[in-house]
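Commentary on secondary and tertiary structure
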Amino acid sequence: MNWFGFGFNAFGQIRDKLIRRESGSTVEDVKVIIPTDINSHVDESEEGTGCKQSICRKISRIGASWSRRASLHLEGDGCVCFAGFGAGVPSECCGISVSESRGCRDAQISEGHLTLAFPDRVETWSQEQNEKTRIWSMEIKTQSENGPTLNLPLVPGGYIDTKPPFYHSLSPQLRAVSLALGAEHAILLSATGAVYTWGLGSHGQLGHGGLTSEEEPRAVEALLGMPMSSVATGGWHSACISAGGDLYMWGWNESGQLGLPSQALRKEQQRSQQPVALCQDASKSTSEEPQEEEEHDDVFISIQAFPALLDITQSCEISTVSCGSRHTAAVTTTGDLYTWGWGEYGQLGHKTLMSSDEPQCVEFFRESNMCVVDVVCGAWNTFAAVVKEEVALS
């Protein structure tokens with residue numbers, strides 16, 4: 001399995017941001033519009049010698065914030081390596097080295113903090129300090145082999161936030177199996193398939209039909225009776241996949257991140273096409289004016305406060321979904337990747353900087369005979385895990 005990245009790269013979180021031209025000059029590669037293979041080389045010291053060697057490790061999972069990427073390697077003892085802001089030394093990030101992350105089984109990265117989960121404890125390191133010190137840690141109970149495996153931010157008994165206070169308890173009655181944290185809200189999936197949300201609700205991101213906030217987890221009533229299998233959240237929008245592979249979305253749609261018609265996005269597209277439109281208007285007859293008015297009667301959605309079913313493709317189901325700040329990516333059961341929303345930095349993977357309020361297939365992977373098996377969105381970029389088609393079919 002290989003990982004590819006595309007989108008915002010101002011801090012080198014996808015690849016080296018400095019590209020050398022044939023003339024010898026360099027240019028900053030801030031926007032990666034073509035999916036790029038991420039090769040992860042981890043610098044490790046040999047026991048007893050102190051000599052460092054570069055080892056290529058397979059990436060198991062990826063976590064991303066606005067300016068950083070954390071790659072989790074579960075081979076052997078397990079460790080984390082970093083790219084992006086503060087990772088000038090390949091083997092270190094914000095004061096933590098690869099050796100200090102050895103034994104780590106999961107990682108959660110944000111602009112302010114890095115959290116590492118070990119079998120017996122959770123540690124949080126500051127992203128804003130250079131000292132090699134943990135700012136918070138907590139012992140955790142070893143997870144039962146019979147119970148569900150919990151991934152960050154979930155830990156036994158609660159979850160770890162991206163800012164202090166880090167630990168928050170959860171009612172055992174929720175029976176949480178998955179949790180996603182947005183900019184200012186959270187979405188939880190219970191063992192029964194029910195979805196709960198809480199936090200800021202000003203953009204309809206809680207899915208309760210209004211714009212009010214919730215201090216405690218509240219069930220999304222519109223989804224009751226339909227068991228869900230996974231949840232995701234972006235800056236101010238949310239998503240979940242049903243047990244049958246249907247995708248539901250709600251919240252803010254300013255950039256078309258819900259896959260619903262966005263007036264702001266259409267206006268932006270009209271402004272970019274204005275010179276052509278002015279030339280065409282000069283040759284239009286008055287009889288065409290009523291038709292022009294009809295075009296402006298389209299239904300646009302700025303905020304969707306209830307979960308809405310999004311039909312991406314009729315031929316297959318959705319297996320995975322991830323949300324960025326203002327874009328969304330979903331993987332189908334046939335291994336195709338679809339993206340939509342804000343695309344200013346190439347995070348949609350369509351080899352352009354165009355935004356879209358309609359899900360579109362990322363043709364790069366089809367053309368390369370690759371099946372996408374997982375996707376993770378950073379705030380302004382996207383990372384996709386792929387396997388060769390013959391491997392996926394065998």
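Before reading further, recall that the structure is shown in the block above.
Attention here is on the structure that accompanies the text.

What counts and how
Residues numbered from 1 in each chain as written. Predicted model: local features only at pLDDT ≥ 70, side-chain atom pairs only at ≥ 80, totals over all residues. Heavy atoms only, no water. Buried < 20%, exposed > 50% of the residue type's maximum accessible area, 1.4 Å probe, protein only. Helix = DSSP H or I, 4+ residues; strand = E, 2+ residues; numbered from the N terminus. Pairing = 2+ DSSP bridges. Axes fitted to C-alpha atoms, helices over the stretch in contact; angles between N-to-C directions. Phe/Tyr/Trp six-rings, centres within 6.5 Å; stacked < 30°, edge-to-face > 60°. Lys NZ or Arg CZ within 6 Å of the ring centre and 35° of its normal. Core = buried A, V, L, I, M, F, W, Y, C linked by side-chain atoms within 4.5 Å. Contact = heavy atoms within 4.5 Å. Salt bridge = Lys/Arg side-chain N within 4 Å of Asp/Glu carboxyl O.

**Focus on the pairing of strand 14 (residues 121–126)**
With five of six residues buried, strand 14 is to be regarded as a mostly interior element. Pairing of strand 13 (residues 113–117) with strand 14 involves five bridges; the strand directions are antiparallel. Across the sheet, residue L116 finds its bridge partner in strand 14, namely E123. Inspection of the sheet shows strand 14 paired to strand 15 (residues 134–139) by five bridges, in the antiparallel sense. Counted as the bridge partner of W125 is R134 from strand 15.

**Section: the sheet that holds strand 12 (residues 106–109)**
What the four strands build is an open sheet, ordered 12-13-14-15; its pairing is antiparallel. The outermost strands of the open sheet, each flanked by one partner alone, are strand 12 and strand 15. Going across the sheet, the axis of each strand differs from the next one's by a mean of 15 degrees, ignoring polarity. Pairing between strand 12 and strand 13: four bridges, direction antiparallel.

**With respect to the packing of aromatic side chains**
For the structure shown, the criterion picks out 16 aromatic pairs. For the pair F4 and F365, a centre-to-centre distance of 5.7 Å together with 85 degrees between the ring planes defines the contact as edge-to-face. Linking F4 in strand 1 (residues 2–8) with F365 in helix 4 (residues 363–367), this pair joins segments that are 361 residues apart in sequence. Measuring from centroid to centroid gives 5.2 Å for F364 and F365, while their planes differ by 85 degrees, and the two rings are edge-to-face. Using a relative accessible area of 15% as the deciding quantity, one classes F364 as buried. The exposure class assigned to F365 is buried, which follows from its relative accessible area of 2%. A network of ring pairs unites the aromatic residues F8, F11, W66, F85, W342, Y345 and W380 as a single cluster. In this arrangement the basic side chain of K31 is found over the ring face of Y345, its NZ or CZ atom lying 5.1 Å from the centre.

**Looking at the nonpolar core**
Ranked by internal contacts, the top residues of the largest apolar core, which has 24 residues, are W3, I62, L337, F365, V372 and F383. For this core, the elements supplying multiple residues, two or more each, are strand 1, strand 7 (61–64), strand 28 (327–332), helix 4, strand 31 (370–377) and strand 32 (381–388). Among the elements that line this core, the one with the most residues is strand 31, at five residues. For F383, the contacting residues outside a window of four places in its chain are W3, F4, G5, Q13, I14, I38, I62, A64, R69, D374, V375 and V376. If you look at the next biggest cluster of nonpolar residues, it comprises 17 residues, including A239, I318, V321 and C323.

**Topic: the sheet that holds strand 32**
Sheet strands line up and pair through hydrogen bonds in the backbone, either parallel or antiparallel. The strand order across the open sheet built from four strands is 4-1-32-31, with neighbouring strands paired in antiparallel fashion. Only two strands of the sheet have a single neighbouring strand rather than two, namely strand 4 (31–37) and strand 31. Looking at each pair of strands side by side, their axes are set apart by 20 degrees on average, direction ignored. Sheet topology note: the strand 1/strand 4 ladder contains four bridges and is antiparallel.

**Focus: the side chain of S242**
Mapped onto the elements, S242 comes out in strand 24 (residues 237–242). Ignoring sequence-local partners within four residues, the contact set of S242 consists of P227, M228, S229 and Y248.

**Some words on the pattern of salt bridges**
With the rule as written, the count across this model stands at 13 salt bridges. Between E344 and K31 there is a salt bridge, and its shortest N-O distance comes to 3.2 Å. Here E344, found in the loop between strand 29 (337–341) and strand 30 (356–361), pairs with K31, found in strand 4; they are 313 residues apart in sequence, far enough to count as distant. For R121, the salt bridge goes to E123, with nearest N and O atoms at 2.7 Å. Using a relative accessible area of 27% as the deciding quantity, one classes R121 as partly exposed. Residues joined in a network through salt bridges with shared partners are D120, R121, E123 and R134.

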